Every structure is written in C-alpha cells, then in structure tokens.
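Remarks on the overall topology
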Amino acid sequence: MTQTVEDTRETGPRVVWRPVLLVAGVVAVIHLAVAARYGWHRDEFYYVLTGRHPAWGYVDQPPVTPALARLAAALPGGVLPLRVLAIAAATGCVLLAAKLAAELGGRRRAQLVAATAVAACPAFVAASALFGTTVVDQLCWLGVMVATARALRLGTIPAWLLAGLLAGVGLENKDTIAALLVGIGLGLVVTRRAVLRTPGPWLAAVSALLIAVPNILWNASYGWPWPAVRMAGVLSGREGNALTQVPLLLLVLTGPPLLCLGVIGVRRLCTGAGRPHRWLLVVAITAVVFIAVTSGKSYYAAPMLPGLFAAGAVAVEAANTRDGRRSWPVAIAATAVFAIVIGLPVFPPKITNGIGLSSTVMETYGWPGYVRQIVTVADRYPADTVIFTSNYGEAGALTTLGPAEGLRNPVASGHNAYGFWGPPPGSDATVLCVGEFTPAYLHRFWAQATEIAPLTLPDGLSNEEVEKGAAIYLCRQPRGTWTQLWPELAHLG
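Residues numbered from 1 in each chain as written. Predicted model: local features only at pLDDT ≥ 70, side-chain atom pairs only at ≥ 80, totals over all residues. Heavy atoms only, no water.

1. Let's talk about the overall build of the chain
Rule in force here: Helix numbering and strand numbering both begin at the N terminus, where a helix is a DSSP run of H or I of at least 4 residues and a strand a DSSP run of E of at least 2. Every radius of gyration here is taken over C-alpha atoms, with the globule rule written as 2.2 Å times N^0.38, N being the number of residues. Under the scheme applied here, a residue whose accessible area is under 20% of the maximum for its type counts as buried, over 50% as exposed, and between as partly exposed, the area being computed with a 1.4 Å probe on protein chains only. In what follows, a contact means two residues having at least one pair of non-hydrogen atoms within 4.5 Å. Think of it this way: Lys and Arg go in the positive column, Asp and Glu in the negative one, and His and the chain ends go nowhere. The atoms used to mark charge sites are NZ of Lys, CZ of Arg, CG of Asp and CD of Glu.
Secondary structure summary: the chain contains 25 helices and 5 strands in total. Relative to the globule expectation of 23 Å for 493 residues, the C-alpha radius of gyration of the chain, 24 Å, shows essentially globular dimensions. Seen through its principal axes, the chain has C-alpha atoms that stretch 80 × 50 × 40 Å. Per-residue burial over the chain gives 53% buried out of 493 residues. Looking at the chain alone, contacts between residues at least 24 apart form 78% of all its contacts between residues at least 6 apart. For the chain, the centre of its 36 positive side-chain charges and the centre of its 26 negative side-chain charges are spaced 12 Å apart.

Next up, the structure:
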C-alpha cells in the first residue's frame, strides 16, 4: 500500500526493519562471542560500587550508569550481564542510525549504509566492549537526534516532549551530552528559527532541565566549584594538547572510509536538499569545538558522527552509482574488521598485548590474579588491617572478587567517589597499601613504607597496573589518624 503524505507525516518514513535488524543481530553475535573472554574492566567495578551507594550524582558522573550497573551485577554471570547491557546499547545505536537516515529522507540503501556505518565505526565498537557511561551516552545522543528530527517533522508538542525526556535522561547519564543540546539549540537558531516561535522546543528544554535538576542540586550541595566541574578540570589538564584530540577522532575513532562518508554528509547538509537537516552539521561543529576548547577526550564527540553518516548515506543513495553500490559495502566491512581487531578481545592476551592493539582491552585482563596476590599477603595480617588502594579499579576488584578468594579485610581508596565516602573503619596502625604508589608518596602519610611484592601478570603481560609499577606495601607508624590524613589521601583523576 502506498503511503500518503499525511500518513508519512504521522507515522514517519518507513524503516526497512528486516535488514536493519539483521545488521543489529550480527553486531550482537560478534560482541557476545567475546563479551566475557578476558574479564572485568576497572571502570565496571567502579560503576557497580558507586551504584551500591545510591545518590543523585557522583564526583565523576551522574547516576544512571551506576544504577544500571548495580542492577546488572545483581544477576548471575559475573561481568556478562553488564556486557549484555553494553551490547543492547550498541544494537540500539544501529537501529537508531537507520531511523535517523529515514528521518532525513533515506530509503532502504541509505538506512543500511547508516546502520552498518555505526556498526563498523571504531568509536562505537570499542565503547561497547564494556559497560559504562560512554556506550550509554552514544545511545542517548542518537535517541535525542532521532527524536529531534521527528519533532521537527511532526511539529507536535508530544514529539518535542519525547526529545526533552530523552535529553534529560542523557543529562542524568553523562554531562557531555550538553554539547549535543547546545548544538541543537544553535542549529535551530541558525537554520530553523521559525521553529523557536512555537512552544515545542522550549517545553522540551524545560522538561530536560527538570529531569536534570536532582543531579544539579547534588552538585550544588557541595558548593562551588561543583564536584563535576572540579573533575572536568582535572581531566582537561590530564588530556594535554586539545589539537591532538581532533585528528584522533577523525582518523582512528572514525576510520578513513567512514570519514569520507561523513564528509559526504557535510556536503549534503550544505546543499539545498540538506537544508532542513542542517542543524546536524551545527551539532557536529559544536561537538568538535567542545573537545577542542575543554581539552576533552576525543571520544566525547564521537556520538555526533551518526548524524553525518546518515546524511552521507542519503547522498550516497541519491547518487546511485554502480561503483558506489560496490565500494561502500567493501569499505564499511574493512572498517568493521579494523574496529573489531583494535576494539574487542578477539586475540589471546599475549597477542593483544604483544602488538599493542588496545590498552582498554588489556585493562579487562588480570584482575582475578591481582586479587589473589593481594589476598595471599593480606592473610598474614589481622582481619581489621585496612587495604588502601591507589585507584578505584583496585578497590573495586578487591570488593567484588575478593570475598570469593577469602578476603576478610576492609578495603578503601581515596580515588574519586571513594574519597567522598570518607575514611575507612579499622586500624590505622598497620595498613596494606596497594597500587600505583611510590615510596616517597607513602612516606608522606606513614613513617614506614616497605614494598612487599609487585603486582604481576603471567607470561610477561602488562597493563596499566604493571606499567605503572603497582605493588603491595606494608605501611606503619601513621602520621595521623585516618580522619586527619583523609583530606590529603582523597584525590581526583
């Protein structure tokens, strides 16, 4: 049955769900095949532990991802339920990319090019290798872009309120989605100003703000600068030269073939045919400026890429050349292979580590071994001997995996949210300090600090813990009580 103009306006352009769902299914199968091959990532431990301290915010993130991580960790299967959440978000991004192409006027081929581009994009593949704020953020960006395109097409208040609802949820997951919302606002000012004379966009903005209020109030309760602002300052200083982040985004996290598709999308949005959707170009520019100005991490801006991919896919479909029909599937498939190799644990750890494919992947290897090494040492000391770690990964691993290994000791850290939770119970006379410490640092807080053993991986493998010389130290004769030392032990990073 042929759709009328009125039908299309109400129900939207038809999405070819069967082939798009097939693409999403392939993504899910590939990820599931290697989902738990190595193990937990330090961030996943941290999300679960923060989720067990319910709050409307944390120093380094809003509450959505920790809450989801806590729920997933309550299920059997160790890290697998968390990875299933990540894979669900990844497949959701693929489906939404097809829907966005449809909203931009794309038919079957455009929708498939957009969906496969997101499925193959290294930034999206690597993010979905573990569960965290990044993969959820990507889903939220795409959801908001699709809802905004739909609201612009329909022009109804319910459609705009849906966009505002999704934006609010996104703000309760990761603050960087503010770059998207600012980009949409600027895009409407520059390209669709008449829309701003209707109540829909304003109601969407108000609804998003109302959903974000609890996290805003949580931050405000700690005074200025807010914890989130302090954390952003620390991360910005650590990233260094902002100019290096943009090439990394374009070349590594996008990949040359998909970069070409994005450039085609930019050209499409600059033409008359792309004018109704030119706000997506403003979003992309805003996201890149955001990481440049704030010295943010390059992947913060990656969720804007599907907007350019969708526009490029529509242009590719409109061109309808024989070479294009052959070359784009090959180019996207090649990008997918590259993304899988560098972003997922497809090789044995020795190969992954040996050729330096991905430091993130190696961060998911070795935590059970570290925990056993620490427990072996801790068994020599009284059960009230505190284990104080240098970062949340070590603390989270001990808290999550330690009980199964017989760990009896209280675990504490001063890193990020752990520092906000305050000093630990237990004796401060003898402490086992574990992690990326130096003797000079430890001597600031204890008169005696003796290295017992380094943390090691088998077969000469390495990750951050090994590379930064993580070790177990016996510390005695504290230079104050836990309460007195805590302001200096607590740190952001």
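2. Side note on the pattern of salt bridges
It is possible for side chains bearing opposite charge to pair when their charged atoms get close. Counted only if it meets this: By definition here, a salt bridge exists when the distance from a side-chain nitrogen of Lys or Arg to a carboxyl oxygen of Asp or Glu is within 4 Å.
Under the defined criterion, the tally for this structure stands at 8 salt bridges. Where E405 meets R372, a salt bridge forms, and the shortest distance between an N and an O atom there is 3.9 Å. With E405 in the loop between α21 (392-401) and β2 (411-413) and R372 in helix α20 (residues 367-378), this residue pair connects regions lying 33 residues apart in the sequence. Taking the relative accessible area as the measure of exposure, E405 reaches 35% and is therefore partly exposed. Under the relative-accessibility criterion, R372 is labelled partly exposed at 42%.

3. Examining the packing of aromatic side chains
For clarity, the threshold we go by: Classification of ring pairs uses Phe, Tyr and Trp, with its six-membered ring standing for Trp, and accepts pairs whose centres are within 6.5 Å; under 30 degrees between planes counts as stacked, over 60 as edge-to-face, and the remaining range as tilted.
Scanning all chains against the criterion turns up 19 aromatic pairs. Consider the rings of W367 and Y370, whose centres lie 5.6 Å apart with planes at 80°: the pair is edge-to-face. Of the two residues, W367 and Y370 are both situated in helix α20; the distance of 3 residues between them amounts to about one turn of the helix. Looking at Y370, the relative accessible area reads 2%, which means it is buried.

4. Brief notes about the sheet that holds strand β3 (residues 427-435)
Threshold: A strand pair is defined by DSSP finding two or more bridges across the two strands. Whenever a helix is involved, its axis is fitted only over the stretch in contact; in every case the axis is a line through C-alpha atoms, and angles between N-to-C directions fall within 0 to 180 degrees.
Spatially, β2-β1-β3-β5-β4 is the arrangement adopted by the 5 strands of the open sheet, whose pairing is mixed. Edge positions in the open sheet fall to β2 and β4 (446-454), since each of these has one partner strand only. Sheet twist, expressed as the mean angle between neighbouring strand axes with direction ignored, is 30°. Pairing geometry for strand β1 (residues 385-389) and β2, over 3 bridges, is parallel.

5. Digging into helix α3 (residues 42-51)
A large share of α3 lies buried, amounting to 10 of its 10 residues. Inspection of α3 places R42, D43, E44, F45, Y46, Y47, V48, L49, T50 and G51 among the buried residues, and these make up the whole buried set.

6. Examining the packing of helix α14 (residues 256-270) against helix α16 (residues 305-319)
The description of two helices packed together rests on the angle between their axes and the distance between the axes. Going by this rule: These descriptions rest on fixed angle ranges, namely under 35 degrees for roughly parallel, over 145 for roughly antiparallel, 65 to 115 for roughly perpendicular, and the rest for oblique.
Direction vectors running N to C along α14 and α16 enclose 80°, while the axes themselves pass 7 Å from each other. Our classification of the angle between α14 and α16 gives roughly perpendicular. Of the residues in α16, those in contact with L258, L261, G262, I264, G265, V266, R268 and L269 of α14 are L308, F309, A311, G312, A313, V314, A315, V316 and A318.

7. Describing the environment of V229
Mapped onto the elements, V229 comes out in helix α12 (residues 227-239). By relative accessible area, V229 is classed as partly exposed at 35%. For the pair V229 and A453, spaced 224 residues apart in the sequence, the C-alpha separation amounts to 37 Å.

8. Some words on the side chain of Q138
Relative to the elements of secondary structure, Q138 occurs in helix α8 (residues 133-154). Classification of Q138 by relative accessible area gives buried; the value is 3%. Those residues in contact with Q138 that sit more than four places away from it in its chain are C93, A123, F124, A127 and P303.

9. Structural notes on a nonpolar patch on the surface
Here is the rule we go by: For patch detection, residues must exceed 30% relative accessible area and be free of salt bridges, and they are connected within 9 Å for like charges or within 5 Å for nonpolar side chains (Val, Leu, Ile, Met, Phe, Trp, Tyr). Only the protein chains shown count as cover for residues, with accessible areas throughout obtained via the Shrake-Rupley method and a probe of 1.4 Å.
Residues L248, L251, V252 and F338 make up a contiguous nonpolar surface patch of roughly 320 Å² in combined accessible area. Take the nonpolar patch: its biggest share by element is 3 residues, from helix α13 (residues 245-252). With respect to the element layout, L248 can be found in helix α13.

10. Details of the environment of V293
Summarising the element assignment, V293 is placed in helix α15 (residues 279-294). Considered as a pair, V293 and S236 are 57 residues apart in the sequence and their alpha carbons are 9.5 Å apart.

11. Topic: the confidence of the model for the chain
In plain terms, the rule: pLDDT expresses, on a scale from 0 to 100, how confident the predictor is about each individual residue.
The predicted model of the chain averages 93 in pLDDT, with 95% of residues at 70 or higher. Low confidence marks residues 1-8, where pLDDT is under 50. Its contacts with residues over four positions away, or in another chain, come to 7 contacts.

12. Comments concerning unusual backbone geometry
Here the residue pair W224 and P225 is connected by a cis peptide bond, since its omega of 0° sits within 30 degrees of zero. Locating P225 in the fold gives a position in the loop between α11 (199-220) and α12. Positive phi is not limited to glycine here, since D459 has a value of about 60°. Within the secondary structure, D459 is located in the loop between β4 and α24 (464-467). Under the relative-accessibility criterion, D459 is labelled exposed at 60%. One non-glycine residue, Q477, adopts positive backbone phi at about 55°. Note that Q477 resides in strand β5 (residues 471-478). You can call Q477 partly exposed: its relative accessible area is 46%.

13. Some points on the packing of α3 against α21
Definition in use: In a left-handed crossing the near helix is turned counterclockwise from the far helix by less than a right angle, and in a right-handed crossing that turn is clockwise.
Two numbers describe how α3 lies on α21: the axes approach to 8 Å, and their chain directions differ by 65°. On the basis of their axis angle, the class for α3 and α21 is roughly perpendicular. The element α3 and its partner α21 pack so that their crossing is left-handed. Taken together, the residues of α21 that come into contact with α3 (itself represented by R42, D43, F45, Y46 and L49) are Y392, G393, G396, A397, T399, T400 and L401.

14. What about the pairing of β1?
In plain terms, the rule: Handedness of a crossover is defined as follows: orient the strands so they point away from the viewer, and if the path from the first strand over the helix to the second runs clockwise, the crossover is right-handed.
The element β1 is extensively covered by neighbouring structure, given that 5 of its 5 residues are classed as buried. Side-chain alternation along β1 places T385, I387 and T389 on one buried face and V386 and F388 on a second face that is also buried. Bridging between β1 and β3 involves 5 bridges; their strand directions are parallel. Each residue of the ladder has a partner; that of T385, found in β3, is S427. Regarding the hand of the β-α-β motif, the stretch spanning β1, α21 and β2 is right-handed.

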